[in-house]
Each structure stands twice: as structure tokens, then as C-alpha cells.
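Inside the fold
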Amino acid sequence: MLEVPDQPVLEHLDVLIVGAGISGIGAARYLTVESPSKRFAILEAREASGGTWDLFRYPGIRSDSDLHTFGYEFKPWRDEQSIADAPRILAYLRETATEHDLDRHIRYRHRVLGASWSTGEARWTVDVERTDTGERVRLAARWIFCAGGYYRYDEGYTPTFEGQDRFAGTVVHPQAWPEDLDYAGKRVLVIGSGATAVTLVPAMAGAAAHVTMLQRTPTYILPVPRKDALADALKRYLGQQRGYAWTRRKNIVQQQLIWRFCQRYPRAARRLIRRINAKYLPVGYPVDEHFNPPYDPWDQRLCIVPDGDLFRAIRQGSAAVVTDRVATFTETGVLLESGRELEADVIVTATGLNVQALGGIALSVDGAAVHLPDTVAYKGMMLSGVPNFAYAIGYTNSSWTLKVGLLCEHFCRLLAHMDAHGYDICRPEPADPDMPTRPLLDFGAGYIQRAVDLLPRQGDRMPWRTSMNYQADVRLLRAAGVADPELHFARAATTAQVAA
């Protein structure tokens, strides 16, 4: 537990939500509607709401999921863009907060440093830093709901490149994009091949002299329409609410069918994606060199390009893809392991994120520090041995918010269950302490693999498995009851636990 000077507890809350991004705003809305008697606050370390969609400012930033599923179930997405850019998503999130009077609950520039649980008092004592003044304050909360995602907001991941100091041009990371960066008429080199890179390349190609995407390994990339014609028709004939609901159902099924097809028939999926890529690329283009990964589809997340914009930039000659490795930076660009040199005026290191579990909050329970790798995820939303603590992590194979919505619903049902039975404490514990475990996220992305040993684990059976299947989670989190033999409840007056 992080040591901070003793401070008086200034306030007592029922629920403390950490983070005012898409998950935190969603959790606050569910609390407002489903648990209106609960007193809550949202602490946001930054100076604005919106999380990812306010933080990232690089050219072209957009969702890589359709907004009919990435948006909230309770609030229709009305914009014409289905694959939407960041300003539209940010406006949607802030409109949601305003509509549900959530703005008054958000406290900006409040970073949670640590939280200590007392079983005797059945509450968390939370240490908070005011990032604008450096002041330390202390709050008390019956529950903590961590809605900060799983990556660090203050820095991205950049590997060490030999000779980087020699480069005479500008080097930027997308997570810290300078507002005054001028790349018009310049040669741009984007290092990376993930969602950020495939967004940046076509967005910058219109103004830059030329943009090159340098990748070590190809990524599966699929073109999709930016606008959903069927969604527009459904809204037109059924109205906004019903049209949105039917579009959402359609897209949920579509996402799951694509994922299952890729998992069950990876060779066929690989051939299909290659055929689509070849159709969009110039005749004779070396598809297998640049767009045929060595792994199976959905071993890592598929990248989408709205209206095939990346392929269009390649066809027009304003962008190119090079598959090779950096040997060293030079004064004028990079030297590749193949011996080829790529000249550049601006180099963008779109090399990924740094994972940070639970926003970096230091937790302790009755004086003992919580070591996250020793915990096991319960229903993908709580941690073994950690009372009255919930977190929101969405899907890696589908729209993030689909999972978060179900978690928030279940969380509110859990609070109602505790109120109805007079419980103050809720703690998940595996019946079998020797249950086999595996990584929390079975996902091949580099940013996950770099941090896998710092994250909680998941078990080999429900409810200790972290499901990535929406239909299965509907059954577990929405249809099934809250009570579970491995979820233990207690009243503050006694430390004796009872299974509901």
C-alpha cells in the first residue's frame, strides 16, 4: 500500500467510480437509474471526461468497432457514421453524461493513489491526489468500481531503437501527439501495423508528401463501410429507438459469427481475408508479403479500415507498406535489416500501449498488500479475496462496451441483493484454492503479452473464467442470479461469512 501522510476522511460514499471514460460514464448512468439511493462520485485524473476519446489527438482517430454496439444499449447512436471518428464519439459520451446529470458527480484532476480495505469497518479508505495542486485527500467508500481500462494514460510503449538520437527530424508517439505538428508536404514514416498505424497512414497521406507504414509482421486488415446502410433504413422505418435496437442485435450476431468462423476455420478465414485484400490492392501487389500474417485470424485483433481507406491510399501512390525490421535510425530516416534505407522527415512510433492494471491503484486488504497475479477474476468483474471491488474490462474480440454494459447491470443487481439481505461485505473466493489458472486475457497482442505476468489470472471454469462471448455473458450476468456458492457475504457487525 502506498504510504501517504495521515489525512482526515473528508467524505463517505456508497460507490467510488474511478475514471470518466466510456466505462465510468456508463457505470454512473446504471447506478443513477438502477440504484438511485446510492451516493457516488467519479474521480478522473485528467482535466476532461471521455477517456481514450479525449486523450488521443492523432490524425484520423476513430473507433474500430461499430457504434451501434460500441455505444450504450440505453442510448441510440444517431450519427450517420457507424465507424465513427473521435470527436463524434466524445460528443456522444458527454451528451450521455449531461442527459443523466452525471457531470456534477465528476471530480477532475483527482488521481486515486491507493485504497485500503477494513473488514471491521466494511469500507475502503481511498487516498487521492489533486493533480492540479498536489494536495492529498482521503475518501471512504463502501465499494470501488474501477473503470479506467487497462492501459496507461500518461505514456505509450516505444521500444528502444538504436541510433534514435541521431535522427534529425521529428519523432512522435500517437499517445502524445503535438497539436502543432506540421507534416504537410513531408515524408512520414509510421512504425507499426496495428489499429493506430492503419488509421494514421490514410489520414496523413492526404497532406504529407508520402507516408510509409513500416511493419515487422503483417496484420489482418478488413475493409468495412463507414456508414451502415441497413442501420439507416431500420431507423428510418422503425424509429431511432427500435431501429438502433435491431441494428445492435444484427451487429452483435455479425461480430460473433465472424469471430467463430475465424476460430473454427482459420485456413478458410485466412484465404477469404487475403482474397478481399487482393481485390482492394493494385494488380500484382505482393499481398502475401505485406498482408498475410504468420498467425491465424483473431489470434490478435483484426484491424478494420473504413471504406478501405488504407488500400485506397496505396492504390493512389500516396502511401506504401514495407515489411522489415529497423536496424538503426540514421540522420535522415532508418536503415532496415535488409540494408534498405527509408528516408523521412517525421517518424511516428505507433508501437503500442503500456498496460497498467486497475489504473495503477495500490490495494491492500486488512493491512496486506494485494498482489494482482495472485488473484483470480470472478465473472470478469471482481477479484478473489478482494471485497467490495469491481472493475470493467470489455471484450477483445468484439465491442468493448457490450461487456461493460452487462457488468454494470450485474453490479447494480449485486448492490440490490446486498441491500435486500442486509449485507455489507461481498468477497469472491474459489472453492478449490488449487484451481488451475491461466492468463486473464488469452490474447496474442504485444501490449498484453508484455504485461501478462502483472495481471490477475482467470480460472478453468465458470464463474472464474473471463468470458469473451456476449451470449454466454448475457446468461451469466443478466439472466442468472447474483447468488453463488463462491461469492461470500457478511455483515459489518461480524466477520463470519455466509454464502447467499
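The following refers to the structure shown. Since the structure is predicted, the reported quantities are computational estimates derived from the model, not experimental observations.

Concerning the overall build of the chain
When helices and strands are tallied, the chain shows 13 helices and 28 strands. For a compact globule of 500 residues, the expected C-alpha radius of gyration is about 23 Å, and the chain comes in at 24 Å, within 12% of that figure. Over its C-alpha atoms, taken along the principal directions, the chain stretches across nearly 75 × 55 × 45 Å. When the 500 residues of the chain are sorted by exposure, 55% land in the buried category. Across the chain, the fraction of contacts at a sequence separation of at least 24, relative to all contacts at a separation of at least 6, is 71%. Carbon and sulfur atoms make up 49% of the accessible area of the chain, which amounts to about 21,200 Å² in all.

Points about the side chain of Asp-484
Positionally, Asp-484 belongs in the loop between helix H13 (470-479) and strand E27 (487-490). Comment: no salt bridge for buried Asp-484; closest opposite-charge side chain is Lys-379, at 5.2 Å. A polar contact of 2.8 Å, which involves the side chain of Asp-484, links it to the backbone nitrogen of Glu-486.

Thoughts on the nonpolar core
Nonpolar side chains in soluble globular proteins generally cluster together in the buried interior. Counting residues in hydrophobic clusters, the biggest one holds 134 residues, and the most contacted among them are Ile-17, Trp-124, Trp-143, Phe-145, Phe-291 and Phe-389. Ranked by residue count, the leading element in this core is helix H11 (residues 400-421), at eleven residues. Aside from chain neighbours lying at most four places away, what touches Phe-389 is Trp-124, Trp-143, Ile-144, Cys-146, Leu-358, Leu-363, Met-381, Met-382 and Leu-383. Membership of the second largest hydrophobic core comes to 13 residues, among which are Leu-214, Phe-329, Leu-342 and Ile-347.

A few points about the sheet that holds strand E10 (residues 210-215)
Hydrogen bonding along the main chain pairs the strands of a sheet, whether they run parallel or antiparallel. The sheet built from five strands is open, its strands ordered E8-E17-E9-E10-E13 with parallel pairing. The open sheet has two edge strands, strand E8 (170-172) and strand E13 (319-323), and neither has a second partner. Put simply, the sheet's adjacent strands are angled 20 degrees from each other on average, direction ignored. Direction of pairing for E8 relative to strand E17 (residues 346-349): parallel, over a ladder of three bridges.

Quick word on unusual backbone geometry
At the junction of Met-462 and Pro-463, the peptide bond is cis and its omega measures out at 5 degrees in the coordinates. For Pro-463, the position within the fold is in the loop between strand E26 (457-459) and H13. Positive phi is not limited to glycine here, since Asp-366 has a value of about 50 degrees. Structurally, Asp-366 can be placed in the loop between strand E19 (362-365) and strand E20 (368-369). Looking at Asp-366, the relative accessible area reads 47%, which means it is partly exposed.

As for the sheet that holds strand E16 (residues 341-343)
Taken together, the three strands give an open sheet; going across it, the order is E14-E15-E16, and neighbouring strands pair in antiparallel fashion. Single-partner strands in this sheet number two, and they are strand E14 (326-329) and E16. Sheet twist, expressed as the average angle between the axes of neighbouring strands with direction ignored, equals 25 degrees. Here three bridges tie E14 to strand E15 (residues 333-336), and the two strands are oriented antiparallel to one another. Its bridge partner being in E15, Phe-329 is matched across the sheet by Val-334.

Regarding the environment of Thr-212
Following the sequence through the fold, Thr-212 ends up in strand E10. Linking Thr-212 and Ile-347, residues 135 residues apart in sequence, is a C-alpha distance of 9.6 Å. Beyond its immediate stretch of four places on either side in the chain, Thr-212 contacts Val-188, Leu-189, Val-190, Ala-320, Val-322 and Leu-342. A polar side-chain atom of Thr-212 sits 3.5 Å from a polar atom in the side chain of His-210.

Rules used throughout
Residues numbered from 1 in each chain as written. Predicted model: local features only at pLDDT ≥ 70, side-chain atom pairs only at ≥ 80, totals over all residues. Heavy atoms only, no water. Helix = DSSP H or I, 4+ residues; strand = E, 2+ residues; numbered from the N terminus. Rg over C-alpha atoms; globule rule 2.2 N^0.38 Å. Buried < 20%, exposed > 50% of the residue type's maximum accessible area, 1.4 Å probe, protein only. Contact = heavy atoms within 4.5 Å. Areas by Shrake-Rupley, 256 points an atom, 1.4 Å probe, with all protein chains shown as cover. Lys, Arg positive; Asp, Glu negative; His and termini not counted. Salt bridge = Lys/Arg side-chain N within 4 Å of Asp/Glu carboxyl O. Polar contact = N/O pair within 3.5 Å; in protein donor to acceptor, adjacent residues only side chain to side chain. Core = buried A, V, L, I, M, F, W, Y, C linked by side-chain atoms within 4.5 Å. Pairing = 2+ DSSP bridges. Axes fitted to C-alpha atoms, helices over the stretch in contact; angles between N-to-C directions.

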